[in-house]
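As a plain string of letters, each chain reads:
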Amino acid sequence: MLIHLVYVYNLYMCVNIFLFFGKKKRWRKILYEDQEYEDNYVDKDFLSHLLTNFRTEYKYSNIVHRMLCINHQIMIVLFHLLAYYSISNNIISHRFLYTINIIIIILKEVLVYDIHKSLNDSFKNILDTIIIIGIIWILSPVMISLTQTHSDDTVYLVSLCILLPIHFMFHNYGFIYEKNENIDIFDSTSLSCVVVESVILGSRLPSIIQVFSFLFCSSILFFYTPFIVQTIVLKNINYYNYVLFPIIFIILSICIRSISIPLFYVNLFGHAFILFVIPALFVNKHNSKTVLEGPWDISGAPFVQKNTD
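Note that the structure is predicted; figures quoted are calculated from it, not measured.

A.B. asks: Got a sec to walk through the overall build of the protein? Specific residues and values, please.
C.D. replies: When its secondary structure is counted, the protein shows ten helices and zero strands. Here the protein, with 309 residues, has 35% of them falling under the buried criterion. In the protein, the share of contacts with a sequence separation of at least 24, taken over all contacts with a separation of at least 6, comes to 79%. For the protein, the exposed surface amounts to about 20,000 Å²; the carbon and sulfur share of it is 67%.

Structure below.
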């Protein structure tokens with residue numbers, strides 16, 4: 001009897017040893033251990049916890065508010081072009097333009113002081129502004145002869161059809177809604193394009209004082225107004241959405257209407273289309289989706305799909 005028990009026990013141990021060494025270990029999602037599987041092996045549990053039809057609901061009003069940053073930058077560029085047109089045709093006096101620019105600079109410094117409570121920072125910013133204005137004034141006689149050998153069509157093509165679109169593509173639109181005062185407002189590519197565009201466009205003006213006025217105005221629009229907008233947004237986003245943005249749009253519309261009524265309507269309907277129609281199309285397109293595809297569909301990974309609808 002004892003011999004039979006020993007025999008059964010030995011047989012049991014042999015079977016366990018065979019199963020232990022003969023069966024592969026279960027695949028684990030690790031890289032630091034050789035698992036005796038092929039390099040391109042994909043387990044059935046791989047990506048099994050990935051939500052493939054996870055739906056993000058977009059609210060129309062939120063999308064409209066987010067589109068304000070795009071309209072805002074379009075308005076800044078339109079002010080820039082209006083300044084060029086007004087200066088080249090002597091529609092606006094240089095003294096009035098300087099007054100507006102100085103008011104913007106003072107407003108920016110007041111807002112910065114209100115946040116940091118530091119006179120040293122304000123004086124440093126004012127000193128930097130004076131240096132920038134001085135550099136523009138010194139370089140204006142050089143810039144006026146920069147593109148004399150090129151035709152107007154070439155200058156306008158490079159400025160309006162190449163540099164400004166690149167500026168729009170690379171501009172950092174998100175800084176308005178990022179609640180972080182240390183965020184980088186400017187994108188180097190976008191800023192470089194608008195600087196070159198301002199220099200090229202300003203070089204077509206006939207006098208040194210006009211070149212200086214245009215470049216001074218451009219520097220205020222693209223360097224100083226973003227700080228003002230960011231400071232107001234950090235205080236309260238509603239101040240920007242319902243106060244500052246409408247004021248800027250009304251001023252722009254009045255300026256355009258004084259030049260051309262057809263352009264006034266083009267500007268009005270263009271902003272309305274970007275601000276109201278595009279968000280509606282986006283929300284409608286997103287809500288009409290029934291299946292959201294992703295990398296898991298392209299790879300063809302064998303996992304169990306989990307729907308959250």
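A.B. asks: Go over the layout of surface pockets with me, naming the residues and quoting the values.
C.D. replies: By volume, the largest pocket amounts to about 850 Å³. In this structure, the largest pocket is lined by 30 residues; those nearest its centre are Phe79, Ile100, Ile104, Leu221 and Ile251. Put simply, the parts of the chain that give the lining of the largest pocket at least two residues each are helix 2 (60-88), helix 3 (94-116), helix 7 (208-235) and helix 8 (237-259). If you tally residues by element for the lining of the largest pocket, the top one is helix 3, at eight residues. Its residues placed into classes, the lining of the largest pocket shows 25 nonpolar, five polar and no charged.

A.B. asks: Quick rundown of the UniProt feature "transmembrane region" (unreviewed entry) in the protein? Include the residues and the values.
C.D. replies: The positions UniProt marks with the feature "transmembrane region" (unreviewed entry) are residues 6-22, 63-84, 96-113, 125-144, 156-176, 208-227, 239-259 and 265-283. This span, residues 63-84, is 100% helix and 0% strand, and a straight line between its end C-alpha atoms measures 33 Å.

A.B. asks: Break down the packing of helix 6 (residues 188-202) against helix 7 for me, with residues and values.
C.D. replies: Helix 7 packs onto helix 6 with a crossing angle of 160° between their chain directions and a minimal axis gap of 9 Å. Classified by the angle between their axes, helix 6 and helix 7 sit roughly antiparallel to one another. Note on packing geometry: the crossing formed by helix 6 with helix 7 is right-handed. Listed contacts from helix 7 to Leu191, Val194, Val195, Ser198, Val199, Leu201 and Gly202 of helix 6 are Val211, Phe214, Leu215, Ser218, Phe222 and Phe223.

A.B. asks: Go over the nonpolar core, please, and point to the residues and values.
C.D. replies: Counting residues in hydrophobic clusters, the biggest one holds 56 residues, and the most contacted among them are Ile176, Phe214 and Tyr240. When residues of this core are traced back to their parent elements, those giving at least two are helix 2, helix 3, helix 4 (119-143), helix 6, helix 7, helix 8 and helix 9 (261-287). In terms of residue count, helix 7 provides more of this core than any other element does, 14 residues in total. Those residues in contact with Phe214 that lie beyond four places of it in its chain are His80, Ala83, Tyr84, Ile87, Ser198, Leu201, Gly202 and Leu205.

Conventions and cut-offs
Residues numbered from 1 in each chain as written. Predicted model: local features only at pLDDT ≥ 70, side-chain atom pairs only at ≥ 80, totals over all residues. Heavy atoms only, no water. Helix = DSSP H or I, 4+ residues; strand = E, 2+ residues; numbered from the N terminus. Buried < 20%, exposed > 50% of the residue type's maximum accessible area, 1.4 Å probe, protein only. Contact = heavy atoms within 4.5 Å. Areas by Shrake-Rupley, 256 points an atom, 1.4 Å probe, with all protein chains shown as cover. 1 Å grid on protein atoms, 1.4 Å probe; cavity = no way out; pocket = protein on both sides within 12 Å on 5 of 7 lines; lining within 4 Å. Points joined across faces, edges and corners; volume = space filled by probe spheres on them. Nonpolar A, V, L, I, M, F, W, Y, C, P; charged D, E, K, R; others polar. UniProt positions renumbered as here; feature names shortened; annotations may be inferred. Axes fitted to C-alpha atoms, helices over the stretch in contact; angles between N-to-C directions. Parallel < 35°, antiparallel > 145°, perpendicular 65-115°, else oblique. Left-handed = near helix turned anticlockwise from the far one by under 90°. Core = buried A, V, L, I, M, F, W, Y, C linked by side-chain atoms within 4.5 Å.

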